[in-house]
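Chains, contacts and geometry: an overview
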Amino acid sequence: MKRHIALAPLSREHHGALILAQLLKRTAPAYKDLPTDPEGKAKYATWFYRNELIKHFAEEEQAVIKSIAGINDKLDRLCNEIIAEHKELRVLFESLNDTDDLIAQLDKTGLALEQHIRKEERELFPMIQE
């Protein structure tokens, strides 16, 4: 489904975040010009989170989710799930450097980020466009 012009920029931003999600997973292949060691991945993930995702989450919550609040119960429930996932992702990214098992924490963060983006792309955005 082609994205509505209002959602297209957010959808395009998901591409970089999906690459990050893949990079963080335990089974990640090497990506050109991206770190391959756990410490390098954590440093890159922290940088990406601070420079891209914080702003992206805020834009989604303010520009999109708040503007559609109250349209219907199903959409409201999904929006509440998305906001809760943003909070969970914030905790995961902010705790990357405070873990005894960095590889497991990176994997958990990557999986959570991927699932979150897929939910937005496959459920939230199509529902908004309807």
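Turning to the overall build of the protein, a few remarks are in order. Helix and strand content of the protein: 4 helices and 0 strands. For a compact globule of 130 residues, the expected C-alpha radius of gyration is about 14 Å, and the protein comes in at 15 Å, within 12% of that figure. Within the protein, the proportion of its 130 residues that are buried is 42%. For the protein, long-range pairs separated by at least 24 residues make up 72% of all intrachain contacts whose partners lie at least 6 apart in sequence. Only carbon and sulfur atoms are counted for the fraction: they give 51% of the accessible area of the protein, which is about 7700 Å².

Another aspect to go through is the side chain of Glu114. With respect to the secondary-structure elements, Glu114 resides in helix α4 (residues 102–129). Since its relative accessible area comes to 16%, Glu114 is described here as buried. At 3.0 Å, the side chain of Glu114 forms a polar contact with the side chain of Gln22. Residues contacting Glu114, with those up to four places away along its chain left out, are Leu18, Ala21, Gln22 and Lys25.

This paragraph deals with helix α2 (residues 38–68). Between its first and last C-alpha, α2 extends only 39 Å over 31 residues, short of the 45 Å set by a 1.5 Å rise per residue. Two residues or fewer past α2, Gly70 is found with a positive phi of approximately 90 degrees.

You can see Tyr31 is positioned in the loop between α1 (8–24) and α2. Judged by relative accessible area, which is 25%, Tyr31 ranks as partly exposed. Separated by 35 residues in sequence, Tyr31 and Lys66 have C-alpha atoms that sit 36 Å apart. Setting aside its immediate chain neighbours within four residues, Tyr31 contacts Ile19, Gln22 and Leu23.

Definitions and limits used
Residues numbered from 1 in each chain as written. Predicted model: local features only at pLDDT ≥ 70, side-chain atom pairs only at ≥ 80, totals over all residues. Heavy atoms only, no water. Helix = DSSP H or I, 4+ residues; strand = E, 2+ residues; numbered from the N terminus. Rg over C-alpha atoms; globule rule 2.2 N^0.38 Å. Buried < 20%, exposed > 50% of the residue type's maximum accessible area, 1.4 Å probe, protein only. Contact = heavy atoms within 4.5 Å. Areas by Shrake-Rupley, 256 points an atom, 1.4 Å probe, with all protein chains shown as cover. Polar contact = N/O pair within 3.5 Å; in protein donor to acceptor, adjacent residues only side chain to side chain. Expected span 1.5 Å × (residues − 1).

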